[in-house]
Each structure stands twice: as structure tokens, then as C-alpha cells.
Amino acid sequence: MLKEFIKEYKRVYQISFDDGFLGEFERFCAFICEPKFHPSKELIERLNFLSLLSHEPPLVAIVGQFSSGKSSFLNALLGADILPTGVVPVTAKPTFIKYAPNYMLKILHNDGRDEYKNIDELSAFVDQRHALKDVKNLTIYAPNELLKKISFIDTPGLNSRSDADTNETKMILKEAVALIWISLIDNAARKSELDELTLIPNSLKQNAIALLNQKDKLSSDEITRVLAHANLTYSNYFSSVEAISAKLQRENSGDSGFEAVFKFLNKIANTKEDFIKATSQEILLSSQNQNLNFINILDEISDIFTKFQNKTNLKFSELKESYNSKFEIFFEAIKQNAALIANKINSALKNQKSAYYKEKTGFLNKNSFEKIEYERVSLDIDEILAKLIYNDEKFTKIFKKFKRDLSEFQSEILADLQAIFDELKELTLRYKAKYESLRKSDPLHSDLLFADIRKFSSEVYSLFLSDIETLFLAKFSNLELFFERVFIKVSANYQNAIRLSVNFIAQKCEKSSKDYESDPLAFSLYYPRLSEINERILNELSYYEFESEFTGNSTFITKFINSLQAQTEQLMDKNQTYINSLKAKYKGDLDELSSFSWS
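Residues numbered from 1 in each chain as written. Predicted model: local features only at pLDDT ≥ 70, side-chain atom pairs only at ≥ 80, totals over all residues. Heavy atoms only, no water.

1. Here we look at the overall build of the chain
Formally: Secondary structure follows DSSP: runs of H or I at least 4 residues long count as helices, runs of E at least 2 residues long count as strands, and numbering of each begins at the N terminus. Both definitions apply: the radius of gyration is a C-alpha atom measure, and the globule rule equals 2.2 Å times residues to the power 0.38. Each residue is assigned to one of three classes by its accessible area relative to the maximum for its type, calculated with a 1.4 Å probe on protein chains only: buried under 20%, partly exposed between the two thresholds, exposed over 50%. In what follows, residue pairs with any heavy atoms lying within 4.5 Å of each other are defined as contacts. Only the protein chains shown count as cover for residues, and the accessible areas themselves come from Shrake-Rupley with a 1.4 Å probe. In this tally, Asp and Glu contribute negative charge and Lys and Arg positive charge; neither His nor the terminal groups of the chain are included. We put the charge of a Lys on NZ, of an Arg on CZ, of an Asp on CG and of a Glu on CD.
Regarding its fold elements, the chain presents 18 helices and eleven strands. In terms of overall size, the chain is more extended than a compact globule, its C-alpha atoms giving a radius of gyration of 48 Å where 599 residues would be expected to give roughly 25 Å. The dimensions of the chain, computed from C-alpha atoms along their principal axes, are 175 × 60 × 40 Å. Counting over 599 residues, the chain shows a buried share of 45%. For the chain, restricting intrachain contacts to residue pairs at least 6 apart in sequence, the fraction spanning at least 24 positions comes to 78%. Summed over all atoms, the accessible surface of the chain reaches about 30900 Å², with 50% contributed by carbon and sulfur. Here the chain contributes 77 positive and 85 negative side-chain charges, whose respective centroids are spaced 4 Å apart.

Rendered as C-alpha cells:
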């Protein structure tokens, strides 16, 4: 199957071309229509027009306001009354005038149907006063020598009574190689004309002239003044302005001004190949600009990610420094609170007189005991617990404040990180909104490629942000678990830590006393030191368990931010790789389009 595909591809796209201009043009058409460029219907239609033009005379559009003498001009130019004339708008539909050995009229209907009639029936189709909604355009075939070199299109004008006909004129102008603007000499360069001239395609202006008809009605001085004014007014629209007289031309007068017209038409006839080549270059440039536009669109999202990453890296560094400082403050708070509890316990220690009985030694003292008194340290558990827990709200308030401050700190971290993601989200959604409804501004651009860009833009969230959002949410959960562990082991556990510490010290004092009484020489009495009490409280408050996570170079928040930063960078690199792969396709097409040249 693959071999068959390759064979068919070579048959369709790898063909040889004849030498000469037509061969070069065919080579260009085959190149620009390769499937990978996804040519639009409009581009193919434009190439078909150029192909038709390469085998037919160039088309010159005759344009002007109604009753400006367009039909009279054409009759004088062709030396025959081919088109009807009158004081009312008589060119109801765009009318092509082409060469044929015999006169004939073709009517193209809006449904695509062709109808051929005798030329004598033309008048029924050219009067704008008649309803001709079913007719799209007309073609007059005439045995005229000039028509072998040039075809004409007589238009209803750009101010037709029908918007549809005005739009049809605009479409036809895109197929014309040149344009002749007809104006009555005593009505030339009026504002109403200038409004219409702005609708002339820029591509036609270099092959466009303005003809001021009915010069026979003015004197030489008047003609000179009108031409001076018209040249100044029309300078942005026409390559030249000439005064003519259709009436004098029909009378074979040498002063009709038509010499300039024939010179202009000969130039157009002789520069047809230049027009085709120039138009082909415009198509090529249009395709290049399309790919360049797509590359720029992809560069925009790539720049968003690059700038975000650079900004975020700086932000992460700032947050780490700020968070670590606050972590140290919280860690120091645990130590200070432990010291307060230790002082309270230490102050509750009391010296207590105790005694025990010891059997006297010696034969005479058998079954005789002596009382030995000593002083020991004791701790009343109920009394100290009442002071620290039951009857005193001081430590309750201290640890509630610790939990509240820690909770606010957690919320601050979550808010900072959420703000980082939200910024990226906003930038990405702006990009999405900007391009998901993008439409081509040049009809020659590819509908399919623009659809691809719209689809890409509409999916940027799922393509790029979804994984990053999942990452941030997972990190938020990790952060919450860490703070929950601190809450449980410090804030919620402080009362239990006090009980365990008090019981431990009290029991140790009691055991020490019993051991001492059993063997004073082997055991010594236990006297709790403040530092020892403090260490016990710190242990019960998980102070040392959290030490490496709150202080030093590898704190929890340092590792947390570093991990988030590294994983974000990995996802951003993945995003950039995907974007670059898309850009590479457009870049490759752009390079290939840019490398094409006419032999």
C-alpha cells in the first residue's frame, strides 16, 4: 500500500515541466498546491484565473459612476455599437467583452446555468431599471481585432443600485489585470468619485488610468485646468490621467485622445506574463507571510512561558528566603514556649523531708531498726498540672496563637503560590481568547492551517496548564499535610506534652527516692535541673523532630520550593519542546516557500 501511495504521489506531484514561461508557471502551481501547504479554495481559484489568463487575453476592467459614458467609450474603442448607451444606468450586470469569430451573447445565471442568445437580445439584460436578480453576469463575443489582444469587463460600477452588483464588481476587479476609470470631464474628481476609488484593489493601481470623457465640450485651456486638478486629485489611484472624446473617436478625429488609450492597452497586452509572474509572487509572499504569522503566534505563547519561568524563578528565590526566616521564628517560638513551661515545672519542685527505717547491724541489735531521715525533691503532679493546664489559660492562649499564626503563614504560602499559577493562567487564557477565533485576513491563506491554529489556541489550557495545575494542587496537599503534622504534634499536643513531662520528672524523683532508700551507697538522689526539664519538654513538643525542617540549609520549605520549581521547569521544557515542534513545521514550510524562485 505504501509503495502504491508513493507511486501515486510521484505521478501527481513529481512531474516534469516544459521550458519557457508556461512551464515555469505550471511548476509554480504544482509547488504552491502541494498538500503540505493546504491551499485554500481561493488560492486555487486565483491560480486557475492566472492559468486561464496565460492562454487568453488579459482582462481590463472598465469602471466609473453610472452614466459616466463607460459603454460609449467601449463602443468608440471597438469601433462598433456593441453596447447600448443612454441617459439612464444601462449596464445592469457585469458584462465581459471577448473575441469570437461571430457575435454571440452568453448569460451566466446565479445557479451556474449558461444560456446563449443572439446578440440582438442584449438590451433586455443591461437596463438597471429591469429586475435581473437571476443573472450573475453577461459575456458578449464579437469579431473585433482588439479583442484578440485584450478582453474587457464593463461593470455596473461601484455605486450600483444593487449591493449585490456592487459586490460582484469588487470580485471581478480581483480578476482584472488593468483598470480604466471613466469620468465625465466636467464632473471629474468629485468627492463622490473619491469615495469609490478607495475600493479599487492596490494591485490594480499600477495598471490603472483615468479617462476624462467628452473633452470635445471644453476648450483647450479648460481641459488643461481640469487635467491639472484631476492629476493632483487622482495621484494616489492612477498611473496617468488623460482627456478623451468618444464622440471624436467615432468621427475618426485625430484629436480624440484615444492614442494614449491604445498605448496603455498595448502595454497591458505585452506585459501579461509580467502580471502573472507578479501575481504569483504575491501568492508566494502571501503563503510566506501566513507561515511567518503562525510562527509569531507560537512565539507569543513560547515567550509567555519563558518570561513566566524567569519571573517565577526569581519569585521562588524571594519566597524561600522570606519563608525560611519565618520558619525560624516559629521554631524559636516552640523553644521559648518550652522554656516557659520548664520554668513553671522547675518552680514547682519542692524539697521534702523523708525517712526510712533500716535494720541495725550487730548481734545485740538483732530485730532492731533505726530511723534515717533525708531530704529529697518532689513534684506534686496535680498541683503543677492545675497551674499549667486546668486553672490557667496562659498556655492555652499561647499555643492557640501559635496555631493561628502558623495557619495564617500556611495560607500566605498557598496564596503566594496560587498567585503564581493564576498569573500564568491569566496570560494563557488571554492568549487563548486572542487566537481561538482567529480568521484569515487574506483569502489566499489556508483555511485548514488557520483552523489548526484556532484549535491549538482553544486547547492551550489542556495542552499546557492542566499538568501544571495538577502539580500545584499536589504540592498544596503536601504543604497542608506538613502543617497539619506541626499542628498535631505542637499546637494540639502541648497539654499532653506537659502531662508526659511532669509525670516523667515526678516518677523519676519517686524512683530515685526508692532506689536511694534501698541502697544509699549504690544510688544517689535525683535533683532535676532546669535544662533537663527543658529538654524533656522540647522532646515531647517534637522540637528536635522538626529541627531539620525548620532550620538549616535543607528546611522543609526549601526542599518544597526547590521541588516545585524543578517540576515546573520540567513541564515548561516539555511545553516548549511541543511548541518548537509545531514551529519547526511552519519554519520548514516557510524556508521551502522562501527558496522557490523562477528560472
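2. Let's talk about the layout of surface pockets
Here is the rule: Here a cavity is any set of points on a 1 Å grid over the protein atoms alone where a 1.4 Å probe fits but cannot get out, and a pocket is any open set with protein on both sides within 12 Å along at least 5 of 7 lines; a residue lines the site when it has an atom within 4 Å of a point. Grid points are joined across faces, edges and corners, and a volume is the space filled by probe spheres set on the points. Residues are sorted three ways: Asp, Glu, Lys and Arg are charged, Ala, Val, Leu, Ile, Met, Phe, Trp, Tyr, Cys and Pro are nonpolar, and all the rest, Gly among them, are polar.
In this structure, the largest pocket encloses a volume near 1200 Å³. Lining the largest pocket are 34 residues; nearest its centre among them are Arg 46, Phe 49, Met 171, Lys 174 and Glu 175. Of all elements in the fold, only α3 (41-55), β2 (95-99), β3 (104-109), β5 (135-142), α5 (163-173) and α10 (272-348) reach the threshold of two or more residues within the lining of the largest pocket. Among the elements that make up the lining of the largest pocket, the one with the highest residue count is α3 (seven residues). A class-by-class count of the residues in the lining of the largest pocket yields 13 nonpolar, eight polar and 13 charged.

3. A closer look at the pattern of salt bridges
Filter applied, for reference: One speaks of a salt bridge when a side-chain nitrogen belonging to Lys or Arg is within 4 Å of a carboxyl oxygen belonging to Asp or Glu.
What the rule picks out here adds up to 34 salt bridges. Residues Asp 81 and Arg 250 are paired through a salt bridge, measuring 2.7 Å at the closest nitrogen-oxygen approach. Here Asp 81, found in the loop between α4 (70-78) and β2, pairs with Arg 250, found in helix α8 (residues 246-250); they are 169 residues apart in sequence, far enough to count as distant. The exposure class assigned to Arg 250 is partly exposed, which follows from its relative accessible area of 38%. Each of Arg 485, Lys 489, Glu 545 and Glu 549 takes part in one network of salt bridges that share partners.

4. A short note on the pairing of strand β6 (residues 151-154)
Spelled out, the test is: The rule for pairing is simple: two strands pair if DSSP sees at least two bridges between them.
The two faces of β6 match: Ser 151 and Ile 153 on one face and Phe 152 and Asp 154 on the other face are all buried. As judged from the four bridges shared by strand β1 (residues 59-64) and β6, these two strands associate in the parallel manner. Bridge pairing in β6 links Ala 61 to Ile 153. Relative to β6, β2 is paired through three bridges, and the arrangement is antiparallel. When the sheet's bridge partners are listed, Ile 97 is paired in β6 with Phe 152.

5. A word on the pairing of β2
With five bridges joining them, β2 and β5 adopt parallel strand pairing. Directly across from Thr 95, in β5, lies its bridge partner Leu 138.

6. Observations regarding empty space enclosed by the protein
As enumerated under the stated definition, the model contains one cavity of 30 Å³ or more in all. In this structure, the largest cavity occupies an estimated 60 Å³ of space. If you trace the largest cavity, you find it lined by Ile 32, Phe 37, His 38, Pro 39, Leu 43, Ser 287, Gln 290, Asn 291, Leu 444, His 445, Ser 446 and Leu 593. Considering each element in turn, the lining of the largest cavity owes the most residues, three residues, to α10. In terms of residue class, the lining of the largest cavity is built from six nonpolar, six polar and no charged.

7. Things to note about the side chain of Ser 151
Relative to the helices and strands, Ser 151 is located in strand β6. Every residue in contact with Ser 151, bar those within four places of it in the chain, is listed here: Pro 57, Pro 58, Leu 59, Val 60, Ile 97 and Lys 98.

8. Overview of the packing of aromatic side chains
Threshold: Classification of ring pairs uses Phe, Tyr and Trp, with its six-membered ring standing for Trp, and accepts pairs whose centres are within 6.5 Å; under 30 degrees between planes counts as stacked, over 60 as edge-to-face, and the remaining range as tilted. Lysine NZ or arginine CZ positioned within 6 Å of the ring centre and within 35 degrees of the ring normal marks a charge as sitting over the ring.
Tallying each qualifying case throughout the model produces 38 aromatic pairs. For the pair Phe 327 and Phe 409, a centre-to-centre distance of 5.4 Å together with 70 degrees between the ring planes defines the contact as edge-to-face. Within this pair, whereas Phe 327 is found in helix α10, its partner Phe 409 is found in helix α12 (residues 394-435), the two being separated by 82 residues in sequence. For Phe 327, a relative accessible area of 0% corresponds to the buried category. On the basis of an interplanar angle of 15 degrees and a centroid distance of 4.0 Å, the ring pair of Phe 331 and Tyr 543 is categorised as stacked. Residue Phe 331 is found in helix α10, and its partner Tyr 543 is found in helix α17 (residues 543-550); the two are separated by 212 residues along the sequence. Its end group placed over the ring of Phe 96, Lys 98 keeps NZ or CZ at 5.4 Å from the ring centre. Here the guanidinium or amino end of Lys 394 rests over the ring plane of Phe 395, the centre of that ring lying 5.8 Å away.

9. A short note on unusual backbone geometry
Of note in the backbone geometry, Gln 214 takes a positive phi value of approximately 70 degrees without being a glycine. You can see Gln 214 is positioned in the loop between β8 (208-213) and α7 (220-233). Take Gln 214: its relative accessible area is 24%, and that puts it in the partly exposed class. In this structure, Asn 252 is a non-glycine residue whose phi angle is positive, near 60 degrees. Among the structural elements, Asn 252 can be located in the loop between α8 and α9 (258-270).

10. Details of the environment of Gly 69
With respect to the helices and strands, Gly 69 occurs in the loop between β1 and α4. For Gly 69, a relative accessible area of 17% puts it in the buried group. Filtering out sequence-adjacent residues up to four positions away, Gly 69 remains in contact with Ile 182 and Asn 213.

11. Topic: the packing of α3 against α10
Let me state the cut-off plainly: The axes used here are C-alpha line fits, helices contributing only the stretch in contact, and every angle between their N-to-C directions lies in the interval 0 to 180 degrees. Note that the term roughly parallel is reserved for angles under 35 degrees, roughly antiparallel for angles over 145, roughly perpendicular for angles of 65 to 115, and oblique for everything else. Crossings are sorted by hand: turned counterclockwise from the far helix by less than a right angle, the near helix makes the crossing left-handed, and turned clockwise it makes it right-handed.
Running from amino to carboxyl end, α3 crosses α10 at an angle of 165 degrees, the nearest separation of the two axes being 10 Å. The angle between α3 and α10 places the two elements in the roughly antiparallel class. Read as a crossing pair, α3 and α10 show a hand that is left-handed. Where α3 abuts α10, its residues Leu 43, Arg 46, Leu 47, Phe 49, Leu 50, Leu 53 and Ser 54 lie against Lys 272, Phe 275, Ile 276, Thr 279, Ser 280, Ile 283 and Ser 287. Class assignment of the residues belonging to the contact of α3 with α10 gives a composition of eight nonpolar, four polar and two charged.

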